[in-house]
Amino acid sequence: MQAKKRYLILLSAGACLLLLFHLGGVQLPAASRSRHDRSRHAYRPDQPWPHFSDPLHPFLPWDQPDTEEYNLHISPRQKRDVNAGVYKGKRCRMDSCFDFSLCHRNGFKVYVYPQQKGDKISESYQNILSTIEGSRFYTSDPGQACLFVLSLDTLDRDQLSPQYVHNLKTKVQNLPLWNDGRNHLIFNLYSGTWPDYTEDLGFDIGQAMLAKASISTENFRPGFDVSIPLFSKEHPRTGGERGYLKYNSIPPFRKYMLVFKGKRYLTGIGSDTRNALYHVHNAEDVVLLTTCKHGKDWQKHKDARCDKDNAEYDKYDYKEMLHNSTFCLVPRGRRLGSFRFLEALQAACVPVMLSNGWELPFSEIIDWNTAAVIGDERLLLQIPTTVRSIHQDKILSLRQQTQFLWEAYFSSVEKIVLTTLEIIQDRVLEHGSRSSLMWNSHPGGLFALPQYSGYLGDFPFYYATLGIKPHPKFTAVIHAVSPLVSQSQPILKLLAAVAKSQYCAQIIVLWNCDKPLPAKHRWPATSVPVIVIEGENKVMSSRFLPYETIVTDAVLSLDEDTVLSTTEVDFAFTVWQSFPERIVGYPARSHFWDSNKERWGYTSKWTNDYSMVLTGAAIYHRYYHYLYSNYLPTSLKSMVDQLANCEDILMNFLVSAVTKLPPIKVTQKKQYKETMMGQSSRASRWADPDHFAQRQTCMNKFASWFGGMPLVHSQMRLDPVLFKDQVSILRKKYRDIERL
Amino acid sequence: MYPSGKYSSRGPALIPRMKTKHRIYYITLFSVVLLGLIATGMFQFWPHSIESTADWALDKRSVHDAPLVRLPVSSPIPERGDLSCRMHTCFDVYRCGYNPKNRIKVYIYPLQRFVDELGVPISSTGLSREYNDLLSAVSDSDFYTDDVTRACLFIPSIDVLNQNSLRIRETAQALAMLPRWDKGMNHVLFNMLPGGPPDYNTALDVPRDRALLAGGGFSTWTYRQGYDVSIPVYSPLSADVELPERQPGPRRYFILSSQMAIHREYRAELERLKEENGEALLLLDKCSNLSQGAAPARKRCYKGQVYDYPQILQESSFCVVLRGARLGQAALSDVLQAGCVPVILADSYILPFSEVLDWKRASVVIPEEKLSEMYTILKSIPHRQVEEMQRQAHWFWEAYFSSMKAIGLTTLQIINDRIYPYAARTYEQWNNPPVVKWSSVNSPLFLPLIPPRAPGFTAVVLTYDRVESLFRVITEISKVPSLAKLLVVWNNQNKSPPEGEKKFKCPECTAIDGLSLDQTHMVERSECINKFASVFGTMPLKVVEHRADPVLYKDDFPEKLKSFPNIGSL
């Protein structure tokens, strides 16, 4: 008992002591500090910013701008002229070295100088020129042009290179339209030569803009020059290979963490970083390999490590490393940019940049922090720790972004050139240019045309990002080609069925028939407005014109002989609301590679998959009307118009090229085809035997313009949730689809 | 204390064997503890008053107590800013080091009062209210360090916000005297009003070596991209005026011009626009005869009619922000605060925080030359875009313009993002207002990829103890050609998973009444859904009316030609 008491007392005493220390211990230092502060008076160097009690002056007396302004005599117009006169050469900006007025007259048109006989042009430069000539910006009339591109090959300005063009200076000065390079764009991949590799082009570029690879921040004139990636002779002109990432793996780590394989320069410019790489190499997950074996007299300069490095270098296969590494080091070479950059990007190997002062490709529009790790050459030794600290979610996102950027802007010469031109166009049309979101998110700036709308919610791509939904109704566009003769014609039934849909806002009848418009009373009375538009030139492409009367986001495109019920229309629209960037509809078709004929084939057979949904009965976003009319080249559109065929295939090519996804087929109505064919008028183009053969030809023509086959197969059809399930038909919302 | 008194009075009876010595020992021990506790208690309550007197003493601090530093005439002057400076050439990253938080450390020099040899101060205003606010905010932030040796970035306490109040040469000398100046390396200067008459340069004229400049009126020719930071010109009205929140939508006026000091050429042009378009435009100017006592900064007039500023800004869809003598205008801040879309006419101006903010979503930039076309240009902008811009404009003000704290910390964050680019804030973080952050959906798998079939799939089967059912599932699923791996999650703590072919019976399974089980089950699951929705703050699930089937599902078509003939036959 006593012992217990004693323990109790000891315990409580202990507890009290603990409490004492706990409370006092924390408190005391603070108290001592405040005492300390007071004793030291106001200013100790290492203390937080004090709270002053004085009434302080505001930094800006309210009338200062006022008084200043009235002291200002120089007119703002004069000031602009002064600026324009002063800032030339290395200080060129759009405001001082570019004549905007040339672009306001005819829009953004690009002129390419005619090629002179005897001028040799490299394949790469030829590709650049033919891309421009094939683009919608091209004009052959210099009087219309806003931008001028030389036909003199300026890509390789390394004097030691066989591609080097001599006497460029005189040739350029003699051009009649040169005008000191004003509104000219000069493409360049290599400048300077051994040993200093300056960025000088070896001729006076005057006020011309540079689209240059490996450009340094020091020489880069922001908002004026364009930094382009270094690409090889083999870089394809159009299309281009897709990114190597086929599927996402989670966790996203690969066999290697960080790899590099490349030349080492023993001396001279750019050698420091590569010479130091061996410090970081660990032969396990960080594999950084260099070789001294390059150039004629490497043996002369070779250092103590060369033999060991060369041996290690030969042990690894570059391609294997590229595919199996999470990060790829992109150190500077002699010049700031290197081929490694595009290689890593395509391989979904997140580039780790070690090239201080390199103005990264398309830096004006691409947010490289989302796809690369921007390292600092000075902190080379920290690089492994840095990349290891990057969270796996971030790696997953970086990797996907490499693929997006590769396919959007880099995979072909065409994309690189068009991106360059679009960047300059954005500057010219300042208030109607793309926001950073449009450049850096799917589908990218080349497919998101800002002239369509400045509002992101008007495009099919940004609903999720902005947290908004498309307009809850659709506009039906019926393509009419045959005259109205009887009241039982399919078009009238179709009109009535579509008008009954609860989601229908209006119906547009596009009158592409040679006969004059029928009188107003001939159209049935409907609850929604019916607008009849007489087709321009009555050509096929007019069905995809971006009519201003289309006010909804969704367009229901219909042929005049399409047979659809109201329920089917309703269901297709509800599906489209979940997939606003795709084509959602009924008649599905497929493509296949015909290996005997070595060409693409087209089939309308009922198969287990499909890659097109025809626009005779399909819903898609109205933006694709704009894209069809403004993005596609005249050559393809006029082909469609001449054949009066294939417009639906072309639309499918376009939408799949943008989304990289297949269209969506919704519930098959029984014997859709037979009904359609049976009821179609005799004049229908479907009855024409040539029709099918033409469609094969179209496919191949389109594929060659797109630089590949954009169509994607799908095995999925979307049906109403209880479709053909064994439950009472009364429980089914879209029961009519089954009844048909 | 209670027990000690009790024991001491009844001690002999309760603790007979305890010696007096011990007793005294215990009593002393308790008294000490007791006293200690009381003292601590006193400290707990008293210190508040002690601290508050200390605070009060702090508040009593005056800028006039700052040590006086006399600048010799011959004191060195820094070089003019080097236009080629970039982070990799003029900034010492080694001072920032590797740090797991990826946050730079910022040191603020203590306040000093610099005077020339005659005792005249280098600045007519000394420390301004705004610069003081900025420095306090930095010192209260996570960036701050009081350890000069650990700092990555240094902020001088010399106030250069307004070049007008500075003596250029002496200010430069004062900068050079800072103990860690070292050619301005890793120093940042905050300046909102650069230049002076007659040319009004667009960057601070004070020679500053390699110091980076957070400047409020850069033109493309003075801004060192990726090195300097373009900041707003703070508007004092931000603190003084609270505007009621207005939802984006149509406004009474279409275009409003409220700046007082507009060059007469431009004012003439605006008046011409007004003549053409009438009521849609409101052109305000300074009031000529205001009653006494009215703050002239808070009033604007049009033909004798007086309007409250900045309240009137809320009545217009677009508000003109024209360049003045300087490119940066405090009016931009007022306009954003009002949720009015700024129409910026200032050629070659580098917009505030343009390195991270997407101004195309919040403003309209028109070349000065096209002022006369302003109306047509603005009319072509869709309504919904105007609304998005109004929302975006107000959000920019709230997050980045509203206080010196916001301006200062945003600047530091931008510099921080350059030093640790792999940990930089994202476009969405900078640009999306909270309402978008909440409602937007950003899938972590955003790349449109159709994965190949080759790697197959992994089946994960959750099981409790219905072993027969488990075996049936396993048998069925293992027939699937693209199955790569099958993972069974054994979710029963009381039994160990069966081994090999051993089979278990499940007597309970049949005993439970199917229906009642079903009902409790549903109730539980509904509760779950409600709980989850409340945790998410919203219902993330969406209802759709479609389901995916194979292309030829239930079609009148030979079954053997179908890829997936047996679906729906279960």
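Cut-off values and rules
Numbering of residues starts from 1 in every chain and runs along the sequence as written. Each chain takes a letter, starting from A, and each ligand takes a number, starting from 1, following the order in which they are written. In keeping with the model being predicted, local features are shown solely for residues with a pLDDT of at least 70 and side-chain atom pairs are shown and tallied solely at 80 or more, while totals for entire chains, interfaces and linings include all residues. Only hydrogens and water are set aside; all other atoms, that is, all heavy atoms of the structure, feed into the side-chain values. Helical segments are the DSSP runs of H or I of at least four residues, strand segments are the runs of E of at least two, and each set is numbered from the N terminus. The buried label goes to any residue with under 20% of its type's maximum accessible area, the exposed label to any with over 50%, and the partly exposed label to all in between, with areas taken from a 1.4 Å probe on protein chains only. Contact between two residues is taken to exist if any of their heavy atoms lie within 4.5 Å; hydrogens are not considered. Per-residue and other accessible areas follow the Shrake-Rupley method at a 1.4 Å probe size, with only the shown protein chains counted as cover for residues. Buried area counts how much accessible surface, traced with a 1.4 Å probe, disappears from two parts once they are put together, with both parts' losses summed. Salt bridge, as used here: a side-chain nitrogen of Lys or Arg that lies within 4 Å of a carboxyl oxygen of Asp or Glu. Polar contact is defined as a pair of N or O atoms within 3.5 Å, subject to the rule that within protein one atom must be able to donate a hydrogen and the other to accept it, and that residues adjacent in sequence are counted only when both atoms are side-chain atoms. Each residue receives one of three labels: charged for Asp, Glu, Lys and Arg, nonpolar for Ala, Val, Leu, Ile, Met, Phe, Trp, Tyr, Cys and Pro, and polar for the others, Gly being one of them. Here a strand pair is declared whenever DSSP counts at least two bridges between the two strands. Domain start and stop points were drawn from an automatic or database domain assignment. In this description, the term disulfide denotes a pair of cysteine sulfurs within 2.5 Å. A clockwise path from the first strand over the helix to the second, with the strands pointing away from the viewer, defines a right-handed crossover. Helix axes are fitted only over the stretch in contact, all axes being lines through C-alpha atoms; the angle between N-to-C directions runs from 0 to 180 degrees. Angular relationships are summarised with four words: roughly parallel below 35 degrees, roughly antiparallel beyond 145, roughly perpendicular across 65 to 115, and oblique for the angles in between. The length a helix should cover is 1.5 Å for every residue beyond the first. Arc definition: it is the arc formed by the directions from the helix axis to the C-beta atoms. Stacked, tilted and edge-to-face are the three classes assigned to paired rings of Phe, Tyr and Trp, where Trp is represented by its six-membered ring and a pair needs centres within 6.5 Å; plane angles under 30 degrees give stacked, over 60 edge-to-face, the rest tilted. The criterion for a charge sitting over a ring is simple: Lys NZ or Arg CZ within 6 Å of the ring centre, and within 35 degrees of the ring normal. Buried Ala, Val, Leu, Ile, Met, Phe, Trp, Tyr and Cys residues that are joined via side-chain atoms within 4.5 Å together make up what is termed a nonpolar core. Only residues above 30% relative accessible area that lack a salt bridge enter a patch, with like-charged residues linked at up to 9 Å and the nonpolar side chains Val, Leu, Ile, Met, Phe, Trp and Tyr linked at up to 5 Å.

A look at the overall build of chain B
Next up, step 1: What chain B contains, in helices and strands, is 16 helices and 17 strands.
Next up, step 2: Here chain B holds 570 residues, and the buried ones make up 48% of them.
Next up, step 3: Of all intrachain contacts in chain B linking residues separated by at least 6 positions in sequence, the fraction that spans at least 24 positions is 72%.
Next up, step 4: For chain B, the exposed surface amounts to about 29,300 Å²; the carbon and sulfur share of it is 56%.

Looking at the interface of chain A and chain B
Next up, step 1: In this complex, chain A contributes 138 residues to the contact, which on the side of chain B involves 138 residues.
Next up, step 2: Between chain A and chain B, the buried area comes to about 12,400 Å², and carbon and sulfur atoms account for 59% of it.
Next up, step 3: Of all residues in chain A, the largest losses of buried area upon contact with chain B belong to W49(A), F59(A) and R378(A), amounting jointly to 8% of the total for that side.
Next up, step 4: Seen at the junction of chain A and chain B, the total is 8 salt bridges.
Next up, step 5: For D725(A), the salt bridge is made with R547(B), and the minimal N-O distance between the two is 3.1 Å.
Next up, step 6: At the boundary of chain A and chain B, one finds 47 residue pairs in polar contact (both at pLDDT 80 or more).
Next up, step 7: Looking at side-chain class alone, the side of chain A that touches chain B contains 60 nonpolar, 45 polar and 33 charged residues.
Next up, step 8: With 5 bridges connecting them, strand β24 (residues 716–720) of chain A and strand β17 (residues 546–550) of chain B associate as antiparallel partners. Within β17(B), the residue paired with R717(A) across the bridge is D549(B).

Section: the domain arrangement of chain B
Next up, step 1: Domain boundaries assigned for chain B yield domain 1 (59–234 + 403–436), domain 2 (236–287 + 295–399) and domain 3 (443–569).
Next up, step 2: Between the C-alpha centres of domain 1 of chain B and domain 3 of chain B there is a distance of 61 Å.

Examining the state of the cysteines
Next up, step 1: Considering all chains together, one arrives at 9 disulfides over all chains under this definition.
Next up, step 2: Each disulfide pairs two cysteine sulfurs, and for C92(A) the partner residue is C97(A), the sulfurs being separated by 1.9 Å. In this structure the cystine formed by C92(A) and C97(A) twists about its S-S bond by roughly -80 degrees; its chirality is therefore left-handed.
Next up, step 3: Each sulfur in the disulfide pair C287(B) and C301(B) lies 2.0 Å from the other.

With respect to the pairing of strand β8 (residues 253–257) of chain B
All names here are of chain B.
Next up, step 1: Counting buried residues along β8, 5 of its 5 residues qualify, which places the element largely inside the surrounding structure.
Next up, step 2: Relative to strand β12 (residues 316–322), β8 runs parallel, the two being bridged by 4 bridges. Bridge assignment links S257 to a residue of β12, and that residue is V320.
Next up, step 3: Bridge count for β8 against strand β9 (residues 281–283) is 3 bridges, and the pairing is parallel. Residue pairing for β9: S257 is matched across the bridge by L283.
Next up, step 4: Handedness of the β8-helix α7 (residues 264–277)-β9 crossover: right-handed.

Structural notes on the packing of helix α14 (residues 392–410) of chain A against helix α15 (residues 413–428) of chain A
Residues and elements named next belong to chain A.
Next up, step 1: At a closest axis distance of 7 Å, the pairing of α14 and α15 adopts a crossing angle of 80 degrees. Relative to α15, the element α14 is oriented roughly perpendicular. Across the interface between the two elements, E407, A408, Y409 and F410 from α14 touch K415, I416 and T419 from α15.
Next up, step 2: Per-class residue counts for the contact of α14 with α15 are 4 nonpolar, 1 polar and 2 charged.

Remarks on the packing of helix α21 (residues 634–643) of chain A against helix α24 (residues 690–706) of chain A
Residue and element names in this part refer to chain A.
Next up, step 1: Viewed as axis vectors pointing N to C, α21 and α24 meet at an angle of 175 degrees, and their least axial separation amounts to 11 Å. One element, α21, and the other, α24, form an angle in the roughly antiparallel class. Taken together, the residues of α24 that come into contact with α21 (itself represented by L636, M639, V640 and L643) are Q694, T697, C698, K701, F702 and W705.

Observations regarding the domain arrangement of chain A
Residue and element names in this part refer to chain A.
Next up, step 1: Here chain A is partitioned into domain 1 (81–227), domain 2 (256–410) and domain 3 (474–672 + 685–718).
Next up, step 2: Counting residues at the interface gives 18 residues for domain 1, matched by 14 residues for domain 2.
Next up, step 3: Between domain 1 and domain 2, the buried area comes to about 1,200 Å², and carbon and sulfur atoms account for 51% of it.
Next up, step 4: On the domain 1 side of the interface with domain 2, the three residues burying the most area are Y197, S214 and S227, jointly 42% of the side's total.
Next up, step 5: Where domain 1 touches domain 2, the interface holds 1 salt bridge.

A closer look at the sheet that holds strand β20 (residues 599–603) of chain A
All names here are of chain A.
Next up, step 1: Judged by pairing direction, the sheet is antiparallel, and its 3 strands sit side by side in the order β20-β19-β21 without closing on themselves. The open sheet has two free edges, formed respectively by β20 and β21 (612–613), since each of these has just one partner strand.
Next up, step 2: Where strand β19 (residues 588–594) lies against β20, 5 bridges are found, and the strand directions are antiparallel. Bridge assignment links H591 to a residue of β20, and that residue is Y602.
Next up, step 3: Of the strands in this sheet, β19, β20 and β21 touch α24, which is tilted by about 135 degrees from β20.

What to know about the sheet that holds strand β10 (residues 286–291) of chain A
Residue and element names in this part refer to chain A.
Next up, step 1: Strand order across the open sheet formed by 5 strands is β10-β9-β11-β12-β13, with parallel pairing between neighbours. Sheet topology places β10 and β13 (373–374) at the edges, where each strand pairs with a single neighbour.
Next up, step 2: Pairing analysis gives 5 bridges linking strand β11 (residues 325–331) to strand β12 (residues 350–354), with the strands arranged parallel. Its bridge partner lying in β12, F327 is registered against V350.
Next up, step 3: Running over the sheet, helix α10 (residues 306–315) touches β9 (256–263) and β10 and is turned about 120 degrees from β10.
Next up, step 4: Contacts from α14 reach β11 and β12, with the element oriented near 90 degrees to β12.

What about helix α19 (residues 566–578) of chain A?
Residues and elements named next belong to chain A.
Next up, step 1: Taking 1.5 Å per residue as the helical rise, α19 with its 13 residues ought to reach 18 Å, and the 19 Å between its terminal C-alpha atoms agrees with that figure.
Next up, step 2: Within α19, 11 of the 13 residues are buried, which leaves the element mostly enclosed by the surrounding structure.
Next up, step 3: Residues of α19 that are buried: T566, T567, E568, V569, D570, F571, A572, F573, T574, V575 and W576.

Overview of α10(A)
Residues and elements named next belong to chain A.
Next up, step 1: Within α10 the residues assigned to the buried category are C306, D309, N310, E312 and Y313. Down the axis of α10, the buried set is contained in an arc of 165 degrees. They therefore lie on one face. Of the exposed residues in α10, the ones pointing more than 90 degrees away from its buried face are K308, D314 and K315.
Next up, step 2: Tucked into the core, α10 has its buried residues touching β9, β10 and α9 (298–301).

Focus on the packing of aromatic side chains
Next up, step 1: Inspection of the entire model under this criterion finds 48 aromatic pairs over all chains.
Next up, step 2: Judged by centre distance (5.1 Å) and plane angle (75 degrees), the ring pair of Y452(A) and F459(A) falls under edge-to-face.
Next up, step 3: Assessed through its relative accessible area of 16%, Y452(A) is described here as buried.
Next up, step 4: When its relative accessible area of 0% is taken as the criterion, F459(A) is described as buried.
Next up, step 5: On the numbers, 5.7 Å between centres and 85 degrees between planes, the contact of F461(A) with Y623(A) is edge-to-face. Of the two residues, F461(A) sits in the loop between α16 (436–440) and α17 (463–466) while Y623(A) sits in helix α20 (residues 623–630), which places them 162 residues apart along the sequence. Per residue, the accessibility class of F461(A) equals that of Y623(A), and both read buried.
Next up, step 6: The ring of Y318(A) carries R340(A) above its face, with NZ or CZ at 5.2 Å from the centroid.
Next up, step 7: Sitting over the face of the ring of F254(B), K379(B) holds its NZ or CZ atom 4.3 Å from the ring centroid.

A few points about the nonpolar core
When a protein is soluble and globular, its nonpolar side chains tend to lie buried together.
Next up, step 1: Ranked by size, the top nonpolar core spans 102 residues in total, and within it F327(A) and I155(B) carry the most contacts.
Next up, step 2: When neighbours within four sequence positions are excluded, I155(B) is seen to be in contact with V106(B), Y107(B), I108(B), Y109(B), Y131(B), L135(B), V138(B), V188(B), F190(B) and L412(B).
Next up, step 3: L129(A), L155(A), F203(A) and M353(A) belong to the second-largest nonpolar core, a separate cluster that totals 79 residues.

Notes on a nonpolar patch on the surface
Residue and element names in this part refer to chain B.
Next up, step 1: There is a patch of nonpolar side chains on the surface, built from V460, L462, L487 and V489 and spanning about 360 Å² of accessible area.
Next up, step 2: Structurally, V460 is set in strand β15 (residues 457–463).
Next up, step 3: Its relative accessible area of 56% is what places V460 among the exposed residues.

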